[in-house]
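# Analysis of the macromolecular model
Chain residues, written in single-letter form:
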Amino acid sequence: MNSDISFSSHRENRFYQGAAATFVANALQAVNFLGDRFTRKSPHSLSAIEDLYRHSMDSAFSVTEAFLVTGAPHASAYYPRDFAWFYPDVLDPETIMDGQDAVRRVHLLEKSVRLLLEAVRADVVTTTIVPAGRRRYLGVNYFSRPSDTLLGILAGLQQMLSAEERVSSHLAMSQCAHAGRLLLAEYGVDLKRAILRLASELEPFEDGGNRYLLCDARAPRSAATDTRAERRRFVTNACVYTTFVWGVQLGIVDENELKRLLGRDLAQYKQDLLRLFGKDGYIAHSLDGPAGSPVSSVALDFVSVHRGFWDMNDASERALFAATTDLVIAEPRFRIPSTFHFLVSADNPRNKMIHKIAAPAYQGRSSWPTFNVEFADRMLDYDEASGSDTYRACAQGILKDIRTATEVHGGYQELISEHGLKYRTWAYKGAVAHSWFPRFLSVWRRAYGTPLLQWND
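So, here's what we can say about the structure. Predicted, not measured: the structure shown is a model, and the values here were computed from it.

### Thoughts on the packing of aromatic side chains
Counted under the stated rule, the structure contains 32 aromatic pairs. Pairing Trp-85 with Phe-371 gives two aromatic rings, centres 5.3 Å apart and planes at 45 degrees, and the pair type is tilted. With Trp-85 in helix α3 (residues 82–85) and Phe-371 in helix α12 (residues 369–386), the pair connects residues that are 286 residues apart, well separated along the chain. As far as burial versus exposure is concerned, Trp-85 and Phe-371 are alike and both buried. Both rings, one in Phe-302 and one in Phe-375, keep their centres 6.2 Å apart while their planes meet at 70 degrees; by these two values the pair is edge-to-face. Of this pair, Phe-302 sits in the loop between α9 (266–277) and α10 (315–330) while Phe-375 is found in helix α12, placing the two residues 73 residues apart along the sequence. Using a relative accessible area of 2% as the deciding quantity, one classes Phe-302 as buried.

### Things to note about the environment of Asp-148
Position of Asp-148 among the secondary structure elements: in the loop between β4 (145–146) and α5 (149–161). As a C-alpha pair, Asp-148 and Val-69 span 79 residues in sequence and 16 Å in three-dimensional space. Contacts of Asp-148, omitting those with residues within four sequence positions, involve Arg-81, Trp-85, Ser-222, Ala-223, Ala-224 and Cys-239. Among the polar contacts listed, one links the side chain of Asp-148 to the side chain of Arg-81, at a separation of 3.4 Å. In terms of polar contacts, Asp-148 uses its side chain to reach the backbone amide nitrogen of Ala-224, at 3.3 Å.

### Brief notes about the side chain of Ser-222
Considering the arrangement of structural elements, one finds Ser-222 in strand β7 (residues 221–222). Within polar-contact distance, the side chain of Ser-222 engages the side chain of Arg-81 at 2.3 Å. Non-local contacts of Ser-222, meaning those with residues more than four positions away in its chain, are made with Arg-81, Thr-127, Ser-144, Arg-145, Pro-146, Ser-147, Asp-148 and Thr-236.

Conventions adopted
Residues numbered from 1 in each chain as written. Predicted model: local features only at pLDDT ≥ 70, side-chain atom pairs only at ≥ 80, totals over all residues. Heavy atoms only, no water. Phe/Tyr/Trp six-rings, centres within 6.5 Å; stacked < 30°, edge-to-face > 60°. Helix = DSSP H or I, 4+ residues; strand = E, 2+ residues; numbered from the N terminus. Buried < 20%, exposed > 50% of the residue type's maximum accessible area, 1.4 Å probe, protein only. Contact = heavy atoms within 4.5 Å. Polar contact = N/O pair within 3.5 Å; in protein donor to acceptor, adjacent residues only side chain to side chain.

Written as structure tokens, this is what we have:
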């Protein structure tokens with residue numbers, strides 16, 4: 001494959017949303033999941049980590065793919081949030097096998113980000129985009145409106161723009177950065193409009209005589225663990241804050257414009273969130289629902305996204321992170337026995353009916369390897385900022401156990417059951433997460449100081 005990339009020219013796509021679009025999208029998704037359930041090929045027989053990785057990258061970034069997706073059974077719909085949550089290191093040079101791999105990744109990333117930006121221009125900012133044929137796409141919100149869709153789009157754009165800053169011999173990286181600049185210039189106004197609208201949607205929330213701003217004060221907003229159907233969640237509001245910060249960093253929106261809408265600057269907005277959700281000395285998952293023990297009030301998604309809410313610059317912020325982390329580490333119900341696999345929560349939360357039937361424990365009593373990787377990375381952030389080695393051993397243990405599970409189960413898993421087994425339900429016959437694999441390699445390199453895999457190219 002030639003290392004020079006010809007990016008696709010803009011062609012008209014149409015986006016639809018509303019009751020009719022939601023009905024059709026649900027029907028298409030049902031067919032997609034049924035098709036995956038009954039037609040999925042047998043798992044690959046490879047077991048060596050290098051062979052598994054190569055096979056995964058060939059699958060995730062195949063030239064036949066139309067869009068970057070996490071993997072089956074989600075491969076027939078697009079999830080904008082995933083660029084922030086689940087594959088922020090697609091262009092990490094140490095995870096790229098060779099020049100052809102670099103070209104495939106860059107090409108697929110550019111196509112993906114462009115489509116998402118077209119959706120923003122069409123005023124369709126939803127959790128999920130379902131292809132409906134002939135360049136038609138349906139925007140649908142599953143369970144609630146999103147808090148992290150714009151965050152994901154900005155993350156994809158950031159990754160393109162920063163590609164040439166990485167030390168790499170691949171020409172595709174500089175081409176990707178150039179394409180990112182063109183996209184930012186073309187769609188910057190549309191992104192600004194969407195970010196300012198998100199800021200205007202924040203709602204006042206009174207607590208202890210203080211007035212805060214939340215994105216979900218009266219109704220749930222979606223984030224990576226969206227089916228909890230809870231209001232006043234830390235992770236949804238952390239996503240919104242990060243969206244504003246990245247929008248400012250990219251030059252899309254001026255902080256003074258946000259300040260006028262929020263009535264406070266971004267630094268104060270963040271401190272307000274820390275004070276509200278950390279009032280008990282740790283980060284509470286949600287302010288909604290009955291009070292419980294501290295460990296029952298915590299969920300692993302508090303780690304947020306790569307270069308997201310937690311920057312660890314302030315001592316009080318580090319103290320809150322450490323207290324929450326220590327609760328998770330010390331509670332046996334958060335861990336698969338004899339491993340460093342941490343579950344989403346100690347208690348199974350509320351589930352929507354579809355998850356009770358098709359994917360029980362999806363949001364609670366299961367381990368998401370990608371959240372564990374981010375947990376390890378935030379631990380390393382803490383150690384770096386505090387000048388200590390408080391959590392490095394735990395971070396290494398997390399990554400070591402994920403490697404073992406990957407080799408045992410024949411691929412990087414989307415979920416692992418609370419018993420440490422491959423997550424299998426009626427709908428998730430054998431879900432894999434090919435596109436999340438590079439992020440694991442990136443954090444492994446940081447934790448151990450040496451790469452897990454090395455390439456000759």
